Number of protein chains: 2
Amino acid sequence: MAEVASQELLLAAAFVSDAQYNRNIPFKTSPEAVRLYYLYNRWFMRTATYFFIFLNLSLAVFEEPAVYPLPFLATSLVEVLCLLVFFGRLMHFAKITHRNVFWKDTKNICIMVAILLSLTDLAIYGALRIYNIKSVRWSRIVRPIFLINFAESRQIRRAFRSIRNTLPEITYVFLLFMFSLLMFSLMALKLFGERNLQTAEGLPYFRDYLEIVFDLYVLVTTANSPDVMMPAFDFSSWYALFFIAFVIVNTYIFMSLFLAVVYNNYKKHLKNEIRTLAYMKRRKMIEAFNLLKEEEGTQFVVREAMWKQLVKLVAPDISNSHRELLLRISDDEQKGFIDKKSFLQLADLLNIQVITLKIRSHPLGQWMPRVYRSAVSQFLRSVVRHRGFVWTYDVIILINAVFIALDEESPYISYAEWIFLALYIIEILLKVYTYEPRAFFGKNQFWNWFDTLIIFAALTATILNTTLKSTTKYNSQRILDIVFILRVLRLIRIVDSIQRFRVIMNTLINIVPTMLTFGGLTLVVYCIFAIIGMELFHGKIQFFPPNSNAPYALECGNPALKDSLFARGKYCKNNFNNFASSFIVLMELTVVNQWHVFANGFANVTAQPAKLYFIAFHIVMVIIIVNIFVSFILEAFFVEYSLEKSEVETAIEQKIQELGMGVQEEALQDEQLLDNMESPDNDLEGEGGTKAQPKGLVFKIASKRYRTVDALLQRMFEAEIPLEDEGPSFEEILNLSPATAVPGDLTSERAV
Amino acid sequence: MAEVASQELLLAAAFVSDAQYNRNIPFKTSPEAVRLYYLYNRWFMRTATYFFIFLNLSLAVFEEPAVYPLPFLATSLVEVLCLLVFFGRLMHFAKITHRNVFWKDTKNICIMVAILLSLTDLAIYGALRIYNIKSVRWSRIVRPIFLINFAESRQIRRAFRSIRNTLPEITYVFLLFMFSLLMFSLMALKLFGERNLQTAEGLPYFRDYLEIVFDLYVLVTTANSPDVMMPAFDFSSWYALFFIAFVIVNTYIFMSLFLAVVYNNYKKHLKNEIRTLAYMKRRKMIEAFNLLKEEEGTQFVVREAMWKQLVKLVAPDISNSHRELLLRISDDEQKGFIDKKSFLQLADLLNIQVITLKIRSHPLGQWMPRVYRSAVSQFLRSVVRHRGFVWTYDVIILINAVFIALDEESPYISYAEWIFLALYIIEILLKVYTYEPRAFFGKNQFWNWFDTLIIFAALTATILNTTLKSTTKYNSQRILDIVFILRVLRLIRIVDSIQRFRVIMNTLINIVPTMLTFGGLTLVVYCIFAIIGMELFHGKIQFFPPNSNAPYALECGNPALKDSLFARGKYCKNNFNNFASSFIVLMELTVVNQWHVFANGFANVTAQPAKLYFIAFHIVMVIIIVNIFVSFILEAFFVEYSLEKSEVETAIEQKIQELGMGVQEEALQDEQLLDNMESPDNDLEGEGGTKAQPKGLVFKIASKRYRTVDALLQRMFEAEIPLEDEGPSFEEILNLSPATAVPGDLTSERAV
């Protein structure tokens, strides 16, 4: 029986942890598969996967055209290694999922095709290379596929799905927009085509239809406003009306419409996915419950011992006291078993980051209590805790800002820098002296970490710089730059002193993790376009340092650019000659301004259709991705905002408070630090203190704000599903369409 | 008794029409006041007010510096006239509102202060003018106040209120943004300030702190990207990271945050106002009911005769049959009286644009039935109704597009133009022949009107042009331009043939009326900035036609602009020399691109602080107003979208359908025209046909989509208030704050 129980326990644990990770893999249920499943989810396996994904992507830096050239053999060996790792990871995944589920998932097919393509291309390219035939490494653009399809984060795939789902609607709006563009271009051709006007550069103005379409497309992005209008406007003021009408219709209305369509789809699909995930989690928890349930009176329950074993298995690294807390929350009447309702919450309970705070006196207080508790020490600590202490340092920061802005060369100023550094270090030491060091450097004390790191980095860099200067009489430019940046970064802390700013900053910091996944999305698009761009434009434009004697140095080494805006703007360093440059060019194209100068410049040195590359990038990056990014920021902000208003408190948080083991986060924030930690009996003898807790133990929810927007939305949605509703079956969940309403009566339980 | 009844009737009618107009004026209840109230709301009074508001605003075109100069006496007399009209309108308003309400309303105070200021300024300026002392007409910037405070449309005031309410929150984000800007500028100063770098124009790069702040602020708007980065980037590629970080933090994150804050506030206040309006309407209808109610059995009701009199009074211009329809909807069991519940709907009922369609045969069919019903005629009409007819004309339009794009000079092409014109005219004639002309030119047949107008305008212009050409051998440029534009506009119609495009176009067309009120908002901001701009920059920059011999013609007549980007870009015509030019400059500043060139140019010819004018305009127009515009488009789009999904059908529409007097709008759209009008007995003998209707009478809801987003939102909100809930009292409604939840139990009735 023990063997069976442990197998079932293992399986239940797999269900629970799957629900906890919020994944939707219907995995195999044999004990071996469950063990492999655990291995698959280990942090080092995941980290390794990410490492190889980024290694594979970064190969572009070392391959021809390289930033740091490496021999072909080296890069190709690394690529083969990466592909092998990806294949292994995929095989591992195949072992733990049902065969039909595995083959139905486009993710897996994509990965396999990508591996095959990469290997084929590598073989062909290598073979041709032996015979010195130059060919194109076309398979490099499939590399980002691994990032999309392996990534654990749902966000990046969701963004891609969102794009895919938005495409039909966007396409119609885009066609209408193109129609409007073509109509306006036709009008422009008829109005200005035969006026013999000239642009500011002396070129013919609005003669060729395709040129007009391009110019007006650029005007939609506002990049050539008002230049494109000036010749016509100079000719007659009335023609300004044409351009005003154009800008209103195309730039303001159509571009807003694009945002509206993207945002609307984003919201719609977000809702649908959240619903799917919530149902999936509920269903998995029910499966786990069914595996472990025993009869108790009229109902099925899970016994306390079993529950503890389960939690140990699912979350081996939480402390005993934390597990006790979870038990007390789940089994609040201490009946020795957990009913279904409480059991279903387990995944959520495990997800809440509870920080176990040991209420302990300051280590100095233990080592030398006499000194630490002396009147001087007491006074010092009360000074540090006083608001005035913060204000004093705010004033110091402001004075420091003035000193930074002043001239560096004066010796007094550079002495002052040492004084400021000393003051900041004293501040940190005083704070550590006053507050408990382990609390000061707690997981969520963002600003303390930030301060300490910045100041010690600045200290190190300044000492390094001074040493270099005194020994070699030479300022290392790189180190000096870092010192400057660190010095300015120190000033940021002043924001934290003003309540209103702190709220906005917190919102921004909360959004950061999800923003990073948008970084992933951008990375994918950039990689693909950079690789294409390098194939198309590599070596066409060269950068020469000023005063170079190279031929055509002012024309970026290419006579075709003579008199072009590109050369005149001194944009020669914006080229596709290596991976890093390409990224910077693409960044500039994302910012949009002057992109037509780039497009014209590169079209001059290659061929006119090269403009299509730039138009394609604009459509993909600016019209779609940036709009998704804006949608995401809007949605995240609104969720944060509604959270701030409604003070969503879950049952778990309430329970911690009820048990008198909570610490008010406000109190913490107000006093900036764990001030109230020093009175060990604060509330602990509260209402719910039936079972004696280790004295001095207090729990704190890591942050009242759930880190990700996802988690919050899911919680909001879950509050809407009644507890009896077990949701649709796995298959139905996976096929939920955005259009279908929440099905309330599909409570068919699947036998396991 | 009749006298009393008629007085009460009048008062009730005033309440009803007030509810219908959705205004919140608690007006006086004396009969005289009610009559004045009616007068106040007459269309000619309102039109006259608008006329004088725009007349007053347009004075800037005729005053110094004028587009079309008029003597000071003329403009000042017109201004005094306008001010008198405004004063009269205000006094009229004072007569019909309670004194305390009148004086509590900031709108009225604003108007009075504005009138006083204008008169004072006019007097001072006139007096000084007599002694030839030049002074500033500073009061001209208060003129837009009249547009804001008199406007009947709530939207423009709501937008202003929204701005006012958003200000505190925007300010904090803005301060944080400025802090970030200052920090980055400090870093830039330290990193690049001592490198002796030069910009592409050979000017020193990033030396002066204030210059850096300005340059980086411009970079936030992306207007000087990538130029501002190039010198540093050329020096070392690593410096690109600084600019990338800057753009991500400030352009992407902060600018999205601004949109989020504005949008969030817009939504919040929209909701609150809609709620206030809905309660106000409910309350007014209850007041009206209480005035007219009589006892009938256990309940209070309004008798049919009284109800009819009321409707006649409130809406004198609706037809008898329309009134009968409303009665049948309100008193659906034909009991001879209307109960409270039905009565409360009256204002909504009156607001629904019902088109009375008389099912009548074609006038030609009546005049010459033999010919019209002959086989040839029947065939012709069936051809016109066929889908192929539409497709044929779509092909013709496409061919026409190609011909337009071809060279105009060839005689064949200009003959072809006549052929196309003839084809389009034939199409319209055929359609009028086939469909009923009055239906073809119905109120909501947007595309028919559009087509006919465009084609007849094109015909007129083409004939005019040909006549001029043959008589004077001279193409009038203006007329030819109009001909070109009209020709291209004809092509737009092809959009209507594709279902998907039609949906998007309808959404856009529905949004237009509300967008116009944003035009009003923009007008206000533009007026204020244009008047200030003219005072600051008037005459500083001159435009000379090409090949002019004036001194400094290439430097816009101002040596200070030598070698500036402003002169090099040939921007001389962008100046503040008159009201029209100023508007165009402001439009270009709204589009943002190159605004720093303008700012630097005007700062060069006046003084460096002049840049503040441009920064202020950017903050007001781009950060606030454009974001409100985008918020509005987003919200409008989402409402339209949810409408499309949910098919909101009100009780009234259902009733019309039930009574069998409705026409399916889809049927109309599918057949493009009133095809089904010809079978007079379609559905008329339906279920509800107890009372005989005049045969051939069919009602149609003007549009399934309510024209304004407002009306729709209100309807959505009303659906949420239970019918018994009479809402809070007038005073409470007026003081509703956005934060308070919907108060459900404040049902205190006020005695009248």
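Along every chain, residues carry numbers that run from 1 in the direction the sequence is written. Just so you know, chain letters begin at A and ligand numbers begin at 1, following the order they were written in. It should be noted that, the model being predicted, local features are given only for residues of pLDDT at least 70 and side-chain atom pairs only at 80 or more, the latter also being counted only at that level, while totals for whole chains, interfaces and linings use all residues. The basis for every side-chain value is the complete set of non-hydrogen atoms in the structure, without hydrogens or water.

**Student:** I keep staring at the state of the cysteines and nothing clicks. Help me out?
**Tutor:** Each disulfide consists of a covalent bond between the sulfur atoms of two cysteine residues. Cysteine sulfur atoms are paired as a disulfide whenever they fall within 2.5 Å. Evaluation of the coordinates by the stated rule reveals two disulfides over all chains. Paired by a disulfide, A:Cys556 and A:Cys572 hold their sulfur atoms 2.1 Å apart. Between A:Cys556 and A:Cys572, the S-S dihedral sits near -70 degrees, and the bridge is therefore left-handed. Linking A:Cys556 in the loop between helix H24 (499-537) and helix H25 (565-568) with A:Cys572 in the loop between H25 and helix H26 (579-591), this pair joins segments that are 16 residues apart in sequence. Just so you know, B:Cys110 is unpaired, no disulfide at all, and the nearest cysteine sulfur is the one on B:Cys527, 17 Å from it. Lacking any disulfide linkage, B:Cys527 is separated from the closest cysteine sulfur, that of B:Cys82, by 13 Å. For each residue, the accessible area found with a 1.4 Å probe, counting protein chains only, is set against the maximum for its type, and the residue is called buried under 20%, exposed over 50%, and partly exposed in between. Residue classification places B:Cys527 among the buried positions, given a relative accessible area of 3%. Counting from the N terminus, the helices are DSSP H or I runs at least four residues long and the strands are E runs at least two residues long.

**Student:** Which parts of the structure should I look at to understand the pairing of strand E2 (residues 299-303) of chain B?
**Tutor:** With three bridges connecting them, strand E1 (residues 294-296) of chain B and E2(B) associate as antiparallel partners. The residue bridging B:Glu295 from the neighbouring strand is B:Phe300, located in E2(B). A pair of strands is labelled paired if DSSP reports no fewer than 2 bridges between them.

**Student:** Explain the side chain of B:Glu588 here, please?
**Tutor:** Among the secondary structure elements, B:Glu588 is positioned in helix H26 (residues 579-591). This count recognises Lys and Arg as positive and Asp and Glu as negative, with His and chain-terminal groups excluded. In what follows, salt bridge is the name for a side-chain nitrogen of Lys or Arg lying within 4 Å of a carboxyl oxygen of Asp or Glu. B:Lys573 is the oppositely charged side chain nearest to the buried, salt-bridge-free B:Glu588, at an N-O distance of 10 Å. Excluding anything up to four places from it in sequence, B:Glu588 contacts A:Pro226, A:Met229, A:Met230, B:Asn574, B:Asn593 and B:Phe598. Two residues qualify as a contact provided that any one of their heavy atoms is within 4.5 Å of a heavy atom in the partner residue.

**Student:** Would you explain the interface of chain B and chain A in this entry?
**Tutor:** Buried accessible area, meaning the area lost when the parts come together, often serves as the stated size of an interface. In this complex, chain B contributes 91 residues to the contact, which on the side of chain A involves 91 residues. For any pair of parts, buried area is found by adding up, for both, the accessible area (1.4 Å probe) each one loses once the two are put together. Of the roughly 8500 Å² buried at the junction of chain B and chain A (both faces included), carbon and sulfur atoms supply 72%. At the surface where chain B touches chain A, the tally comes to two salt bridges. Measuring nitrogen to oxygen at the nearest pair gives 3.1 Å for the salt bridge that ties B:Arg195 to A:Asp481. Think of a polar contact as two N or O atoms within 3.5 Å of one another; within protein, one of them needs to be a possible hydrogen donor and the other a possible acceptor, and neighboring residues in sequence only count if both atoms come from side chains. At the junction of chain B with chain A, the criterion picks out 20 residue pairs in polar contact (both at pLDDT 80 or more). For the side of chain B that touches chain A, the secondary-structure elements that each account for two or more residues are helix H8 (154-192), helix H10 (230-235), helix H11 (240-292), helix H19 (387-405), helix H23 (477-491), helix H24 (499-537), H26 and helix H28 (611-646) of chain B. Among the elements that line the side of chain B that touches chain A, the one with the most residues is H11(B), at 14 residues.

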